[in-house]
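Inside the fold
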Amino acid sequence: MRGLDGKVALITGAAGGLGSATARRLADEGVRLVLTDVDADRVTALAQELDAVASPGDVAEEADVVAAVAAGVEAYGRVDLHHLNAGISGSFDRLPDMSVADFDRATAVNLRGSFLGLREAFRRYALQGSTGAIVLTASIASLRGSDDLLAYQATKHGTLGLLRGAALYGGPIGVRVNAVAPGIVPTALFAAHATATGGADDMVRRASTTPLRRAGTGEEIAGVVAFLLSDDAAYVTGEVVSADGGAAATSIVRPSGGAGAWDPGPVDRRVHPDLEEAFR
C-alpha cells in the first residue's frame, strides 16, 4: 500500500490477536514498529520476531503511554502512525451485579487508554512538525447493543466520540483519524469468558449467522488497518469501517436477518430468571 514503506508505527495491545496480526502486516509493508502491551513477555518476543522495538506498559497509565512514544523516537527519530488497539472485554455480569471496579477498569483501558494515545500522538506530531495517521480499534459494540458486556459497549461507544473529535481536530493539520470496527474475530480477548454465553466458545457458531456466514481473522482486520494508515486512504478521516461479515448491516426484524427463527423466551429467562411468571 502506498506511503507505508519506511514509516514508523506504534501499536498498542500489540501482543494480542489483532495487534500482532497488524504488526506482522505492517512489517510486511516495510513499516518500522514500536510495540507496546501489558504482557511484557509476549510483546518482547513479538518485537524480537519482527526486529521491532518493545515498550511494555499499560495504556491506562499516562507514563507508560509517554514512554512508548519516546521509545519510538529514541529508536527511529519519529513516530508517523498510531494504531490504538489495546482493549479488554470487561465483565459479563448482569447490570445489577456489575461492580464499580470492573466498570472502571474497562473505562481505564478502553477509553482513557485511547485518549492518552491520541493526546500523545498529537503532541508528537506537533513536535515533529509532521502530518500522520491514527487508527482506533472500535467494535461492532460501538454501533449496536446487547444486554451483556455493558462496560465494553459503553467504552466502545465512547471510542467513536474520541474518534470524531480527534478527526475534526486533526483534519486542518493533516492528521487523519479513523477506526476499524471488528465483528466476531476469535482471539484471546474473550478467552477469560470461554464458557459464558456470548464468550469465546460459541464465537464460530454465532458468526455463522452473519451474511458471510463465518468468523473473521486477525489478518483481515489488519488489512483494513493497513489501508486506513496508508496513503491509499488519504481522503478518509473520521470514518468507522466495519469489518464484521456484514453483521452491522443486518436487520434482525427482517426474514433475511433471522426474524421469527428463534424464540426469545429462553433469552429473556436467562436475563431475568426472577420473572418466570411473565413468560408463561
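Residues numbered from 1 in each chain as written. Predicted model: local features only at pLDDT ≥ 70, side-chain atom pairs only at ≥ 80, totals over all residues. Heavy atoms only, no water.

- You'll find the protein chain entered in an unreviewed UniProt entry as NAD(P)-dependent dehydrogenase (Short-subunit alcohol dehydrogenase family), with Actinomycetospora succinea given as the organism.
- The UniProt entry for the protein chain carries this comment under Sequence similarities (unreviewed entry): "Belongs to the short-chain dehydrogenases/reductases (SDR) family." (UniProt positions renumbered as here; feature names shortened; annotations may be inferred.)

A short note on the overall build of the protein chain
- Summing up its helical and strand segments, the protein chain has eight helices and seven strands in all.
- On the principal axes, the C-alpha backbone points of the protein chain span a range of 65 × 40 × 35 Å.
- For the protein chain, the separation between the mean place of its 25 positive charges and that of its 34 negative charges on side chains is 6 Å. (Helix = DSSP H or I, 4+ residues; strand = E, 2+ residues; numbered from the N terminus. Lys, Arg positive; Asp, Glu negative; His and termini not counted. Charge placed at Lys NZ, Arg CZ, Asp CG, Glu CD.)

Notes on the nonpolar core
- If you look at the biggest cluster of nonpolar residues, it comprises 28 residues, and the most contacted ones within it are Leu 26, Leu 33, Leu 35 and Leu 229.
- Put simply, the parts of the chain that give this core at least two residues each are strand E1 (8-12), helix H1 (17-28), strand E2 (32-36), helix H2 (40-50), strand E5 (132-137) and helix H7 (218-229).
- Among the elements that line this core, the one with the most residues is H7, at six residues.
- Core analysis: the second largest hydrophobic core is formed by 17 residues, Leu 84, Leu 118, Leu 160 and Leu 163 among them. (Core = buried A, V, L, I, M, F, W, Y, C linked by side-chain atoms within 4.5 Å. Buried < 20%, exposed > 50% of the residue type's maximum accessible area, 1.4 Å probe, protein only.)

A few points about the sheet that holds E2
- As summarised here, the arrangement of the seven strands in space is E3-E2-E1-E4-E5-E6-E7, forming an open sheet in which the pairing is parallel. With one partner strand each, in any of the chains shown, strand E3 (53-54) and strand E7 (240-243) form the two edges of the open sheet.
- Sheet topology note: the strand E4 (residues 81-84)/E5 ladder contains four bridges and is parallel. Paired with Leu 84 across the strands is Leu 136, a residue of E5.
- Across the sheet, helix H5 (residues 150-170) lies against E5, strand E6 (175-182) and E7, angled at about 160° from E6, the strand it touches most. (Pairing = 2+ DSSP bridges. Contact = heavy atoms within 4.5 Å. Axes fitted to C-alpha atoms, helices over the stretch in contact; angles between N-to-C directions.)

A short note on the pattern of salt bridges
- What the rule picks out here adds up to nine salt bridges.
- Of the charged contacts, one joins Arg 105 and Asp 58 as a salt bridge, the two residues approaching to 3.0 Å between their closest N and O atoms. Of this pair, Arg 105 sits in helix H4 (residues 100-128) while Asp 58 sits in the loop between E3 and helix H3 (62-76), and the two are 47 residues apart along the sequence.
- Residue classification places Arg 105 among the partly exposed positions, given a relative accessible area of 37%.
- Look at Asp 58 and you get buried, because its relative accessible area is 15%.
- A salt bridge links Arg 78 to Asp 80; the shortest N-O distance between them is 2.8 Å.
- Judged by relative accessible area, which is 30%, Arg 78 ranks as partly exposed. (Salt bridge = Lys/Arg side-chain N within 4 Å of Asp/Glu carboxyl O.)

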